[in-house]
Structures are given as C-alpha cells and as structure tokens.
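An overview of the molecular structure
Each chain is listed here by its residues.
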Amino acid sequence: MSELLDARTEQLVTEFGRRFGDTPTHVSRGPGRVNLIGEHTDYNDGFVLPVALERDVRFVIRPRADRSVRLYSVDFDEGFTFDLDKIAYDGDRLWANYIQGMAASLQREGLDLVGLDAVLSGNIPRASGLSSSAALEIAAAEAFLTAAGKHGVLAGTRLAQLAQRAENEFVGVNCGIMDQFISVLGKKNHALLIDCRSLDYELVPVPPEAALVIGNTRASRSLANSAYNERRWECETGVGLLQEVLPGIRSLRDVTSEQLETHRQRLPERVYRRCQHVVSENARVLQMVEALRNGDLSTAGRLMNASHTSLRDHYEVSSPALDAMVDAMQSVPGCYGARLTGAGFGGCAVALVRPGAEQAVADAIFEQYPKVTNIWPEVYVTTAADGARVTEIK
Ligand code: ADP
Ligand code: MG
C-alpha cells in the first residue's frame, strides 16, 4: 500500500465526500523543505543543499468533464471555484492564488488541463520558512497534471521552474528556485545539492546516523523583506567593484576567498563582510557534501555551526530569537551542529543530531528558548523524505 494512503488522506477523502458527494480518484503530495546549508547563496548563483520534509500539502482530487476547478481548503475552511479559461488574481483568498497561478503557468507551457474537484490541506507550518507555498504549488501541479492524464510529462526541473514562475509572476513573491526544486526532486534519506546557476543537481546521501530537528522560533519575520533586498543590493555592489579587477566574474559564485582577501580594500567594510559570507558559504556547501559522503558528521555539524556564525556576524540576518534557538540546540551533546535556515530574522533553525538525541534537543529548546524570548516554540523531528508523489485511490 502506498504510504500516501494514510489517516490524513482518509480524512481528506471523507471531507471530499461531504463537499462534493463523491469519492476522489487520486491523492497528490508536495513536501516542504529545510535547507541544511547554503543560505543567501541562491541569488549569488551559488550552491544550496536542502532536504524534503515528511510534512506536506496534499490534494485529493477527482477530474471533471468541464473547465471548472472547485477547491475546498480544510485549513482555511473556505471554498473557491474558478474557470481554467478565466483565471484572475483574487485579493481575498491568497491561498487559492497559488493554485490558480500554477494552473495558469502549466497552461502557458502549452499543457491542456481539465477541471477538477479538490480538497486540500497541509501540516507544514505556514510562513515559517519551511516553504509551505512551494509545497502547495507542487501538490497543485501534480493534481492538475494527473487529472489531465499528463502526470510525468514534464521534467522535474521544468515543473519546478513553472511553479517558481507561478509564485513570482502570479502571486507576486520574489522567491528563488530552491523550494520548488527540492519539493519535486527530493529523495528519502538524501539531500539535494543544487547549482543555482546551471540548475544541475546531485543527490547526496544523508547517513543513517543523522536525524534532523527543526526549531520554529515563531518570532516575527517582519524585517526579513527589506533586509533581503538590501543584502541582494550589497552583493551586487560587491560584484561591481570586484569586476574592476576581476573582469571574468559574473557573480560572487565566481570569487574565491583568496581573491576576496586580495581585493578587500576595494570594498566598503560592510560590503566586504556580505561578500565574505557568500564566498565562504559556497565553499562550506561543497565541504558539507564531502562530509556527508564520508559519513563524517562532526565535520558536517561544524560546518553548520560556522554557517550560523557567518550569517550572524558577517551577513547579519540572525536575530536574538534565532541565536537563542541555535544556542539551545548546540548545548546538547548529541547535536552535531545547528544553524538558522531560510532568509533569517525569524522562522526556523535546523540541527543535525544523533538518532536518539532528538528528544534531548527538543527538551533543551523548550527549557532554554522561552526563557530568553518569552515565546513558546515548536519543534519538528524529521528525516529526509521523498519529493512530490501521486497515488491512485481505489
Ligand atoms: P512559507 O515560508 O511557508 O512558504 P509563504 O508566505 O511563502 O510561507 O507561503 C504561505 C502561504 O501559502 C499561506 O499564506 C497560504 O496562502 C499558502 N498555503 C500554505 N500552506 C497552505 C495550506 N495547507 N492550505 C492553503 N494554503 C496554504
Ligand atoms: Mg514560501
């Protein structure tokens, strides 16, 4: 039996019967993700190393004979219906725009879709940096393709690009490609090394002696947007100044730490520190891949700790809450290493831990973090899971 046909799917099937008076034919899933290392490297043409989560967004669907898409979101307790020929942004139902945008993006690619009835829900915390939005897009894409009898016609990388386009152009969120990419192409017990310039990718085994604990700070991310744009601009400034002496470079991806040190005096101090983070972080991603391949988890953990320090001190995107979360994680002997994950200023931190030490790490978080922040956190234990899936419901 497929692992998708579990109690959560059963609930959706029951809800589908209640809403549409019928049984669904398929269930699709798009997982969330956590990035192990490689933060703020994506828009610098660099490397990232995410894993897909067990947590996901699911759709149960039944194809229709017409062009109507009838949706019911369990989590928002709200329905939405649209016509595949009259897709228009809806100011009141943000969640439905991800789905409409995905349909529009697939149709623009020349794919003939058909209408469907769907009930959807997810267990990825929303707006917490674990990419519930990409999970929603990918689960929706799989639902539309399956209903139209076109499941598998698109290459995974293309599907990820179409989902990114939906989020960038239809929803209006300026995200990179990482989230959609890992949601499609993730594999159980593996991380995915993505080259954000070429979109080449490689699966990297995560050793069985490693588990992941994610700590959600539940702190506001309100600073994240303006800081994100500022950092992008500082990186571009750095590239511009370095190009005067290194004409061959196109982005920070092309700069070595030796080159950066040699030409350090050309850069304003703050721009230098931003560049220092990106250049060293790219190197750390590749070292992390080596460490995982060698089963060397202490090195992997040290690299994660170094990434956090660099994000905190050089890139300046951490926060007291994230630092408190990472401190709590690192205080447990079974924790190999920990760092903030995502854009920063809130959201989540991720720890690489020895299996069996998950509970001790969670206990340390619940014990230490609220004392510093006055916020009650959430903790999720996960392993690297598979990417998007579709299963028939019989
Ligand atoms: P994240 O970091 O989780 O991707 P975003 O702000 O990018 O945060 O996306 C969150 C949005 O995605 C939500 O506000 C909602 O519109 C949509 N979304 C995520 N999960 C679900 C879900 N289970 N059901 C409906 N909409 C969802
Ligand atoms: Mg998102």
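Residues numbered from 1 in each chain as written. Chains lettered and ligands numbered in written order. Predicted model: local features only at pLDDT ≥ 70, side-chain atom pairs only at ≥ 80, totals over all residues. Heavy atoms only, no water.

Quick notes on the packing of helix H3 (residues 132–147) against helix H4 (residues 156–171)
Look at H3 against H4: their axes get within 10 Å of each other, and the N-to-C directions meet at 120°. In terms of axis orientation, H3 runs oblique to H4. Between H3 and H4 the crossing geometry is right-handed. For the pair H3 and H4, contact is made by Ser 133, Ala 134, Glu 137, Ile 138, Ala 141, Glu 142 and Leu 145 and by Leu 159, Ala 163 and Glu 167, respectively. (Axes fitted to C-alpha atoms, helices over the stretch in contact; angles between N-to-C directions. Helix = DSSP H or I, 4+ residues; strand = E, 2+ residues; numbered from the N terminus. Parallel < 35°, antiparallel > 145°, perpendicular 65-115°, else oblique. Left-handed = near helix turned anticlockwise from the far one by under 90°. Contact = heavy atoms within 4.5 Å.)

As for the site of ligand 1
Inspection of the region around ligand 1 gives 18 residues, with Asp 75, Ala 127, Ser 131, Ser 132 and Ser 133 positioned closest. A distance of 2.8 Å is found between a nitrogen atom of ligand 1 and a side-chain nitrogen or oxygen belonging to Asp 75. Here an oxygen atom of ligand 1 and a side-chain polar atom of Ser 132 are 2.7 Å apart. Considered on its own, ligand 1 offers 570 Å² of accessible surface; in the complex 85% of this is hidden by protein. Elements with a minimum of two residues in the shell around ligand 1: helix H2 (94–108), strand E6 (116–122) and H3. (Near = heavy atom within 4 Å. Polar contact = N/O pair within 3.5 Å; in protein donor to acceptor, adjacent residues only side chain to side chain. Areas by Shrake-Rupley, 256 points an atom, 1.4 Å probe, with all protein chains shown as cover.)

Comments concerning the sheet that holds strand E7 (residues 190–195)
Here three strands make up an open sheet; going across it, the order is E2-E7-E8 and the pairing antiparallel. In the strand order of this sheet, the two ends are held by strand E2 (47–48) and strand E8 (201–205), each with one partner. Both E7 and E8 contribute to a ladder of five bridges, which runs antiparallel. In the strand pairing of E8, Leu 192 is matched with Leu 203. Along the sheet, helix H5 (residues 178–185) makes contact with E2, E7 and E8, crossing E7 at roughly 140°. (Pairing = 2+ DSSP bridges.)

A word on the sheet that holds strand E1 (residues 26–35)
Spatial ordering of the open sheet is given by E5-E4-E6-E3-E1-E13, a layout of six strands whose pairing is mixed. Of all strands in the sheet, those with a lone pairing partner are strand E5 (78–83) and strand E13 (389–392), marking the two edges. Neighbour-to-neighbour, the strand axes of this sheet turn through a mean angle of 25°, independent of strand direction. In the sheet, strand E4 (residues 68–73) pairs with E5 via six bridges, with the strands oriented antiparallel. Within the sheet, the bridge partner assigned to Leu 71 lies in E5 and is Phe 80. Packed on one face of the sheet, H2 meets strand E3 (50–63), E4, E5 and E6 and runs near 25° to E5. In the packing of H5 onto the sheet, the strands contacted are E1 and E3, and the crossing angle to E1 comes to about 130°.

Observations regarding the state of the cysteines
What the rule picks out here adds up to zero disulfides. Cysteine Cys 175 remains unbridged, with the sulfur of Cys 196 as its closest cysteine sulfur at 12 Å. Taking the relative accessible area as the measure of exposure, Cys 175 reaches 13% and is therefore buried. The thiol of Cys 348 is unpaired, and the distance to the nearest cysteine sulfur, on Cys 335, comes to 15 Å. Owing to a relative accessible area of 1%, Cys 348 belongs among the buried residues under this scheme. (Disulfide = S-S within 2.5 Å. Buried < 20%, exposed > 50% of the residue type's maximum accessible area, 1.4 Å probe, protein only.)

Examining the packing of H4 against H5
One way to put it is that H4 packs onto H5 with a least axis distance of 8 Å and a crossing angle of 140°. Compared by their axis directions, H4 and H5 come out oblique. Remark: the crossing between H4 and H5 carries right-handed chirality. Of H5, the residues touching H4 (which contributes Gly 156, Thr 157, Leu 159, Ala 160, Ala 163, Gln 164 and Glu 167) are Gln 180, Phe 181, Val 184 and Leu 185.

A few points about helix H8 (residues 269–293)
Over its 25 residues, H8 extends 36 Å from the first C-alpha to the last, a length consistent with the 36 Å expected when each residue adds 1.5 Å. Downstream of H8 by a residue or two, Gly 295 has a phi angle that is positive, lying close to 65°. (Expected span 1.5 Å × (residues − 1).)

Some points on the packing of aromatic side chains
Taken as a whole and assessed by the stated rule, the structure comprises seven aromatic pairs. Ring geometry for Phe 76 versus Trp 95: centroids 6.4 Å apart, planes at 10°, classification stacked. Linking Phe 76 in the loop between E4 and E5 with Trp 95 in helix H2, this pair joins segments that are 19 residues apart in sequence. Here Phe 76 falls in the partly exposed class, since its relative accessible area comes to 40%. With a centroid separation of 6.0 Å and an interplanar angle of 45°, the aromatic rings of Tyr 89 and Phe 170 are classed as tilted. A residue pair is termed long-range when its members are at least 10 positions apart, and Tyr 89 in the loop between E5 and H2 and Phe 170 in helix H4 qualify at 81 residues. Judged by relative accessible area, Tyr 89 falls into the partly exposed class, the value being 46%. Arg 19 extends its terminal NZ or CZ atom over the ring of Tyr 72, reaching a point 3.8 Å from the ring centre. Residue placement shows Arg 231 over the ring face of Tyr 315; its charged tip is 6.0 Å from the ring centre. (Phe/Tyr/Trp six-rings, centres within 6.5 Å; stacked < 30°, edge-to-face > 60°. Lys NZ or Arg CZ within 6 Å of the ring centre and 35° of its normal.)

Describing the side chain of Ser 68
Looking at the element boundaries, Ser 68 is found in strand E4. Setting aside chain neighbours within four positions, we find Ser 68 in contact with Thr 81, Phe 82, Gly 115 and Leu 116.

Some words on the environment of Asp 363
Along the chain, Asp 363 falls in helix H11 (residues 358–373). Take Asp 363: its relative accessible area is 42%, and that puts it in the partly exposed class. Placed 353 residues apart in sequence, Asp 363 and Glu 10 show a C-alpha to C-alpha distance of 32 Å.

Everything listed is a geometric property; what it means functionally is a separate question.
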